[in-house]
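# Tertiary structure, described
Spelled out, the chains give:
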Amino acid sequence: MNPLIPLLVAIPLAGAFLTMIIGRFIPGIPRYMALATMLLLTFISFWLLVEGGAASSVYTLGGWEPVDGVPIGLYLIHDGFSALVLCIISVIGLLSVTYSISYMARYTSENYFYSLFCLMIAGMNGVVLSGDIFNIFVFLEIAAISSYALVAFGVEKNELEATLKYQVLGAVASFMILFAIGFIYWSAKTLNIADIRTAFSEGGQGNHYILIQILLLTGFGLKAAIIPFHAWLPDAHSSAPSPISAMLSGVLIKAVGIYVIIRLFFNMFEITEGMAILITTLGALSMAVGVFLAIGQWDIKRLLAYHSISQMGYVIMSVGIGMILMSRGIRNEIAALAITGGIFHMINHAAFKGLLFLNAGAIEYSTGTRDLREMGGLAKCMPFTSSTSLAASLSISGLPPFNGFFSKLIIIVAAVMGHFYLLAALAAIVSIITLASFMKFQRYAFYNVEPGKIKKEIREVPVPMLLSMITLAVACLLLSLLALPGIRESVLSPATDILMDQLKYSSQITGM
Amino acid sequence: MTVYWLCFILFLTGLYGVITRRNLIKIAISLSVMEFSCFLFLALMGYREGGVAPIVDMADPVKPYVDPLPQAMVLTAIVIGLATTAMLMAVIIRIYRKYGTFDIREIKNLRG
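For the structure given in this document, a descriptive report is provided here. (Residues numbered from 1 in each chain as written. Chains lettered and ligands numbered in written order. Predicted model: local features only at pLDDT ≥ 70, side-chain atom pairs only at ≥ 80, totals over all residues. Heavy atoms only, no water.)

## As for the overall build of chain A
Convention followed: Counting from the N terminus, the helices are DSSP H or I runs at least four residues long and the strands are E runs at least two residues long. Our radius of gyration is a C-alpha quantity, and the globule rule it is checked against amounts to 2.2 Å times the number of residues to the power 0.38. In what follows, residue pairs with any heavy atoms lying within 4.5 Å of each other are defined as contacts. Note on areas: Shrake-Rupley, 1.4 Å probe, and residue coverage restricted to the protein chains presented here. Positive charges come from Lys and Arg alone, negative charges from Asp and Glu alone, with His and the N- and C-terminal ends not counted. Charge positions are represented by NZ for Lys, CZ for Arg, CG for Asp and CD for Glu.
Scanning chain A from terminus to terminus reveals 20 helices and two strands. Over its C-alpha trace chain A gives a radius of gyration of 22 Å, about what one expects of a compact globule, namely 24 Å for 512 residues. Taking the principal axes of the C-alpha coordinates as reference, chain A spans close to 75 × 60 × 45 Å. Pairs at least 24 residues apart make up 82% of the contacts formed inside chain A by residues separated by at least 6 positions. Working note: accessible area of chain A is about 16,700 Å², and carbon and sulfur atoms make up 70% of it. The averaged location of the 26 negative side-chain charges in chain A is 11 Å from the averaged location of its 27 positive side-chain charges.

Here's what the structure looks like:
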């Protein structure tokens with residue numbers, strides 16, 4: 001019962017409303033209020049990660065304790081896995097707000113921007129912490145509706161078209177999730193994830209069990225943009241203002257998509273081999289198709305958006321491999337390795353994809369274009385943007401000593417050790433194509449000097465933007481330390497343990 | 001049982017509308033149809049034949065009560081649905097001002 005846990009939702013909610021009201025009377029203050037909110041959240045989430053460690057802590061809202069082992073009321077659960085995702089949300093959020101201080105100066109109605117931003121953070125923190133499936137839906141909608149508004153923030157033709165696609169598909173996804181929640185309540189007569197687990201394992205697995213799984217996979221798959229459901233992602237992520245693209249790609253698709261899929265399929269449903277194979281296939285498909293769609297793009301942010309699909313494919317695939325091995329009940333240590341690789345790649349992706357979108361925003365800020373063919377020779381004019389984006393590009397392509405190398409290595413090693421040779425080969429090939437695609441990005445944007453084409457007036461971006469980019473570039477290097485044996489046990493292993501140990505999650509909540 | 005099937009058919013009707021309609025307003029209406037089929041399903045789950053409102057009467061506490069939890073869920077979901085619909089309508093109005101049409105085939109700036 002840690003009193004800090006509800007603050008992770010309460011602070012950004014309060015921040016959103018206060019920013020809106022106070023920003024009306026005192027112009028110029030919203031940005032600092034949002035910055036203060038995010039600083040506080042970063043501090044709290046890291047404090048909980050360090051102090052909590054491997055132990056999970058459960059917060060019962062309103063103090064409704066379980067009665068005879070049956071949980072009533074709303075639960076917020078902070079364990080090894082959610083602690084990591086909370087840290088990602090706060091850090092990328094903090095750096096995006098820092099970046100926005102300069103970047104959003106070109107837009108009007110600043111207080112709405114920061115207010116919606118805080119609301120989105122509140123929604124994501126709520127999804128990650130919630131231990132109740134209907135509460136997940138409510139927080140998911142808070143995050144989704146504020147992100148619809150943020151994608152449309154420029155209110156030009158492209159932004160409106162992107163947000164329309166995003167909203168229609170997002171709404172369909174939400175109703176599928178709601179329908180699945182209805183079915184779950186019908187068959188389990190409870191909404192608490194741990195209690196649903198108990199109800200499902202005591203029978204009650206009729207034909208609708210598979211329907212529930214498919215509906216939830218489709219719904220959250222649409223939110224996470226796995227390949228057959230990816231149509232909205234390249235439009236929405238490329239049309240949003242750059243700090244929001246960094247948030248959407250770096251955090252939102254993980255917190256409301258991948259995280260919930262992993263949480264539900266490990267801790268709520270019993271892992272079945274058929275579902276595990278389906279998830280692995282979807283992951284491998286989005287990994288391969290995403291990168292092929294990316295390589296032909298000339299718009300920087302669209303290229304990065306397609307790479308997000310591909311990199312999320314790695315996460316889904318390696319978690320899926322872990323699920324297959326667990327459902328067969330053999331080689332549990334390899335399953336643990338695959339799941340660790342997936343979670344590690346998820347953290348790394350937040351760092352390097354956030355950085356790449358911030359770089360793309362910096363290029364757009366200075367040159368006024370997003371088309372790679374109209375750039376060239378920016379390495380001289382923008383040395384910091386160039387070097388940080390080189391770090392991020394090497395990291396996403398999986399070159400040592402950057403973090404992407406270690407997580408991809410773990411995933412490929414786990415796939416080989418689990419005898420999934422085809423998937424291991426596919427992961428390596430996709431990594432090489434990613435490298436090719438980012439060499440194109442580097443060459444056309446920063447090198448490729450054509451005489452007479454360089455415009456002298458292009459200057460490096462302001463200090464707050466540089467600050468966030470450099471911080472993330474350093475993070476790209478430092479995160480590779482998580483692969484070291486001593487640190488891995490204390491940070492990544494608690495997350496893997498809570499997913500691997502099937503009964504631990506439900507027993508800590510029902511108190512049995 | 002029939003009533004649940006009708007509910008599911010309503011959901012599929014909404015989905016069909018979202019996929020096949022070309023007018024933005026009709027897409028928004030189809031989304032609302034989907035939404036309300038979900039609400040109907042949730043409300044039906046809590047219903048019991050001959051049930052009464054779940055207010056415990058001390059004189060006669062054992063009665064067939066309807067399940068109050070789905071009703072609370074439906075109320076929450078209706079509020080969320082209102083926000084979604086309002087947001088979608090705001091975007092559609094903005095699109096009409098920029099493109100001058102409700103036809104989704106005309107709105108195709110983003111591709112590739």
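After that view, the rundown keeps rolling.
## Overview of the interface of chain B and chain A
Size of an interface, as often reported, equals the accessible area lost when the parts are brought together. Defined as follows: As used here, buried area is the combined drop in accessible area, with a 1.4 Å probe, of two parts when they are placed together. Salt bridge, as used here, is a side-chain nitrogen of Lys or Arg placed within 4 Å of a carboxyl oxygen of Asp or Glu. Each polar contact in these results corresponds to two N or O atoms within 3.5 Å; when the atoms are within protein, one needs to be able to donate a hydrogen and the other to accept it, and residues that are neighboring in sequence are counted only if both atoms are side-chain atoms. Gly falls in the polar group here, along with every residue not listed as nonpolar (Ala, Val, Leu, Ile, Met, Phe, Trp, Tyr, Cys, Pro) or charged (Asp, Glu, Lys, Arg).
Between chain B and chain A, the residue contacts involve 39 residues of the former and 36 residues of the latter. Where chain B abuts chain A, roughly 3,500 Å² becomes buried across the two surfaces, and 79% of that area is made up of carbon and sulfur atoms. In this structure, the connection of chain B to chain A is made through one salt bridge. Its salt-bridge partner being Glu156(A), residue Lys98(B) comes within 3.8 Å of it at the nearest N-O pair. Along the contact surface separating chain B from chain A lie four residue pairs in polar contact (both at pLDDT 80 or more). Mapped onto the side of chain B that touches chain A, the elements with two or more residues apiece are helix H1 (2–20), helix H2 (24–46) and helix H3 (68–99) of chain B. Top contributing element to the side of chain B that touches chain A by residue count: H3(B), with 16 residues. Class assignment for the residues of the side of chain B that touches chain A results in 29 nonpolar, four polar and six charged.

## Points about helix H13 (residues 332–367) of chain A
All names here are of chain A. To keep things clear, this is the line we draw: What a helix is expected to span follows from its residue count: subtract one and scale by 1.5 Å. In this scheme, a residue with accessible area under 20% of its type's maximum is buried, one over 50% is exposed, and one in between is partly exposed, where area comes from a 1.4 Å probe on protein chains only.
Taking 1.5 Å as the rise per residue, H13 with 36 residues should run 52 Å; its terminal C-alpha atoms sit 52 Å apart, in good agreement. Taking burial as the measure, the 36 residues of H13 include 29 buried ones, the bulk of the element. Looking one or two residues past H13, Gly-368 carries a phi angle of roughly 80°, positive in sign.

## Looking at the side chain of Lys440(A)
Residues and elements named next belong to chain A. Tracing the backbone shows Lys-440 in helix H17 (residues 421–446). Among buried charged residues, Lys-440 stands out as having no salt bridge; its nearest opposite-charge side chain is Asp-371, 8.6 Å away. Among the polar contacts made by the side chain of Lys-440, one reaches the main-chain carbonyl oxygen of Gln-297 at a distance of 2.7 Å. Discounting residues that sit within four places of it in the chain, Lys-440 has contacts with Ile-295, Gly-296, Gln-297, Trp-298, Leu-303 and Leu-372.

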